[in-house]
Amino acid sequence: MSSPLLQVADVRLAFGGLQALDGPSFTVGDGEIVGLIGPNGAGKTSLFNCVSGLYHPQSGSIRVDGTEVIGLPRHRVTSLGVGRTFQNLGLFASQTVLENVLAGAYHVTRGGYWATALALPRVARAEAVTRDDAQTLLDTLGLGDVAHRIAGTLPFGTLKRVELARALLSSPRLLLVDEPANGLIQSEVAELGATLRGLAAQRGTAILLVEHHMGLVMSTCDRVVVLDFGRRIAEGAPSDVARDPAVVAAYLGSAA
């Protein structure tokens, strides 16, 4: 049996006297959607930042396809096939949707400085292929008609899908999705869930999803991992986790 694509083991991260992560462990396999939930301050985004190379834990292990990523620079983690979106949009408001999506391919282009500066034919061909891929991706996500619109003129819900498209352009094997339902109306949330399930089923993309919208989590995820004060307090099928007394207490207080 092959190893899970993502393996998180006993990760510990502290900022001064604050213990942000206190030893959580779990895995995510190819084509699997795992939800990472918990109250505010539970350590969800801190864990995302550790997996993507933004933070470096003091101890533990994070492996992507068998490669230890703790200590690697962010671009090396990305080169292993890790893509992510952010809770706060990181798009360029003055650029078009297509230009924003193309920015997601900067780390996989291989033209080099001089080849690009001299406009060598192979660079032009590569750029044309990447542009075609970006347009196809926008069409798939229902964004084809806004490809040439300035991003800053579009609704927030649309921009969330643009950021997802940018993360997908490099065809990541592992996609970290941070609060994608924030700011979406219910019909958009349902469409987002269908998109994520399609990515997992058709592309085999492994997805780690941080989300507060429990409807999206319960209808989309294969498994759910629950953090509280940096610790894993529950893991399992969405329906089982929703009934776990420790999870109910973490969200609603011990009186629940």
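The structure reproduced in this document is the subject of the present report. (Residues numbered from 1 in each chain as written. Predicted model: local features only at pLDDT ≥ 70, side-chain atom pairs only at ≥ 80, totals over all residues. Heavy atoms only, no water.)

**Observations regarding the side chain of threonine 96**
Along the chain, the position of threonine 96 falls in the loop between strand S7 (82-84) and helix H3 (97-102). Owing to a relative accessible area of 15%, threonine 96 belongs among the buried residues under this scheme. The residues contacting threonine 96, other than those within four sequence positions of it, are Ala147, His148, Arg149, Ile150 and Ala151. (Helix = DSSP H or I, 4+ residues; strand = E, 2+ residues; numbered from the N terminus. Buried < 20%, exposed > 50% of the residue type's maximum accessible area, 1.4 Å probe, protein only. Contact = heavy atoms within 4.5 Å.)

**Overview of the nonpolar core**
One finds Val101, Leu138, Leu175, Leu196 and Ile207 to be the most contacted residues of the largest nonpolar core, which totals 43 residues. With 6 residues, helix H6 (residues 156-168) is the largest single contributor of residues to this core. Two domains each donate at least three residues to this core, and these are domain 1 (1-81 + 172-255) and domain 2 (95-170). In this structure, valine 101 is in contact with Ala134, Leu138, Val162, Ala165, Arg166 and Leu169, ignoring residues within four places of it in sequence. In this structure, Val11, Ala20, Leu72 and Val82 belong to the second largest nonpolar core, which totals 29 residues. (Core = buried A, V, L, I, M, F, W, Y, C linked by side-chain atoms within 4.5 Å. Domains from an automatic or database assignment.)

**Focus on the packing of H6 against helix H7 (residues 186-203)**
Where H6 contacts H7, the axes come no closer than 11 Å and their chain directions differ by 10 degrees. It follows that H6 is roughly parallel to H7 by the angle criterion. Between H6, through Gly157, Arg161, Leu164 and Leu168, and H7, the contact on the second element is made entirely by Glu188, Glu191, Leu192, Thr195, Leu199 and Arg203. Partitioned by chemical class, the residues of the contact of H6 with H7 number 4 nonpolar, 2 polar and 4 charged. (Axes fitted to C-alpha atoms, helices over the stretch in contact; angles between N-to-C directions. Parallel < 35°, antiparallel > 145°, perpendicular 65-115°, else oblique. Nonpolar A, V, L, I, M, F, W, Y, C, P; charged D, E, K, R; others polar.)

**Overview of the pairing of strand S2 (residues 18-22)**
Strand direction decides the pairing type here: strand S1 (residues 6-15) and S2, joined by 4 bridges, are antiparallel. Within the sheet, the bridge partner assigned to arginine 12 lies in S2 and is aspartate 22. Connecting S1 to the next strand, S2, in antiparallel fashion are 2 residues, including glycine 16 with a positive phi near 65 degrees. (Pairing = 2+ DSSP bridges.)

**What to know about the environment of threonine 140**
As for its placement among the helices and strands, threonine 140 is situated in helix H5 (residues 121-140). Taking relative accessible area as the criterion, threonine 140 reaches 61% and is therefore assigned exposed. C-alpha separation for the pair threonine 140 and alanine 165, spaced 25 residues apart in sequence, amounts to 9.3 Å. Polar contacts involving the side chain of threonine 140 include one to the main-chain carbonyl oxygen of threonine 136, which spans 2.9 Å. (Polar contact = N/O pair within 3.5 Å; in protein donor to acceptor, adjacent residues only side chain to side chain.)

That is the geometry; function is a separate question.
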